[in-house]
Amino acid sequence: QSLRYVYPQLFAIHDMDSTAGLPADGSSGTAKTAGRNNILLPKVANLSVERLTSNGIFLLDNGVDMYLWVGRSSDPAVTSALFGISSLENVDMSQIRLNTKGNDVASRLDAITHALREDEGEVIIIEPKVIIVREGDAAMEARFFWHLVEDRASFSGGTFSYEEWMQFVQNPPRQGPPGGMGGPPGQGMRGPPGQGMRGPPGQGM
């Protein structure tokens, strides 16, 4: 779980295969699965803001929290299937609830979230909590972007990517961490991700 928090999984939901969210069968090959029922997962996307598109919907799982980022131009049919309305623009987000059944898309996404939690060893009694993030909501996006560790500005080290940090951990140079840091990522932070930020990570830095 700690590794998943450091390096989350990001899935594109808006264009996932028709089999994603269903139990794997003999024809699934090497497709990635999760949970006790071997639920097929969507393809994993790079943890970079460059992979996000305004017409997309992306699920991020860090082993503790799940975030569903919804682009402002997301497919109205998919958005309606998940939330019961065709767009999240200009709506009160406190009133938005994620559908877990009633249609194919909602049922398969629900199966995916349950399977991911089962992989963490949890016994699912209630629905896994999924935090809805609307594109353009700076406060919520700051929390979401913080987990996109393949972007230098979003990784808690700030000056290098997660991949570069792992290379340092495995083969530490004599002069210290890359970027001139004096300690591991996260040291010197005054509060949780997003606090004191006026916009997405990287702005004003």
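About the cut-offs
- Along each chain, the written sequence defines residue order, and numbers are assigned to residues from 1.
- Only residues with pLDDT of at least 70 are given local features in this predicted model, and only at 80 or more are side-chain atom pairs given and counted; all residues enter the totals for whole chains, interfaces and linings.
- No hydrogens and no water enter the side-chain calculation; it runs on all heavy atoms of the structure.
- Each helix is a run of DSSP H or I of at least 4 residues and each strand a run of E of at least 2, with the numbering of both proceeding from the N terminus.
- Working definition: with a 1.4 Å probe on protein chains only, accessible area under 20% of the residue-type maximum means buried, over 50% means exposed, and in between means partly exposed.
- The contact criterion used is simple: two residues touch if any of their non-hydrogen atoms lie within 4.5 Å.
- Centre distance within 6.5 Å is the pairing criterion for rings of Phe, Tyr and Trp, where only the six-membered ring of Trp is used; planes under 30 degrees apart are then read as stacked, over 60 as edge-to-face, and the remainder as tilted.
- Polar contacts here mean pairs of N or O atoms no more than 3.5 Å apart (in protein, one a potential hydrogen donor and the other a potential acceptor; neighbouring residues in sequence count only if both atoms are side-chain atoms).
- Note on pairing: two strands pair once DSSP finds at least 2 bridges between them.
- Axis definition: a line fit to C-alpha positions, over the contact stretch in the case of helices; interaxial angles, taken between N-to-C directions, run 0 to 180 degrees.

### Brief notes about the overall build of the protein chain
Next, step 1: Per the secondary structure count, the protein chain includes five helices and seven strands.
Next, step 2: When the helices and strands of the protein chain are listed from N to C terminus, the series reads α-β-β-β-β-β-β-α-α-β-α-α.
Next, step 3: By residue count, 42% of the 205 residues in the protein chain fall in the buried class.
Next, step 4: Residue pairs in contact within the protein chain that sit at least 24 positions apart in sequence constitute 58% of those at least 6 positions apart.

### Quick notes on the packing of aromatic side chains
Next, step 1: The tally for this structure, following the rule as stated, stands at three aromatic pairs.
Next, step 2: Both rings, one in Phe 58 and one in Trp 69, keep their centres 6.1 Å apart while their planes meet at 55°; by these two values the pair is tilted. One end of the pair, Phe 58, is in strand S5 (residues 57-61); the other, Trp 69, is in strand S6 (residues 66-70), and 11 residues separate them in sequence. Here Phe 58 matches Trp 69 in class, with each residue buried.
Next, step 3: Site record: aromatic cluster; members linked through ring pairs are Tyr 67, Phe 144 and Phe 145.

### Notes on the environment of Lys 32
Next, step 1: Turning to its location among the elements, Lys 32 is positioned in the loop between strand S1 (9-12) and strand S2 (33-34).
Next, step 2: Along the primary structure Lys 32 and Ala 20 are separated by 12 residues, whereas in three dimensions their C-alpha atoms are 9.7 Å apart.
Next, step 3: The contacts of Lys 32, once residues within four sequence positions are left out, are Gln 9, Ile 39, Leu 40, Leu 41 and Val 44.
Next, step 4: Reaching out from Lys 32, the side chain makes a polar contact with the side chain of Gln 9 at a distance of 2.6 Å.

### Brief notes about the sheet that holds S1
Next, step 1: The strand order across the open sheet built from five strands is S4-S1-S5-S6-S7, with neighbouring strands paired in mixed fashion. Of all the strands in the sheet, the pair left with one neighbour each is strand S4 (44-45) and strand S7 (130-134).
Next, step 2: Where S1 meets S5, four bridges bridge the pair, whose relative direction is antiparallel. Within S5, the residue paired with Ala 12 across the bridge is Phe 58.
Next, step 3: Of the strands in this sheet, S1, S5, S6 and S7 touch helix H4 (residues 138-145), which is tilted by about 120° from S7.

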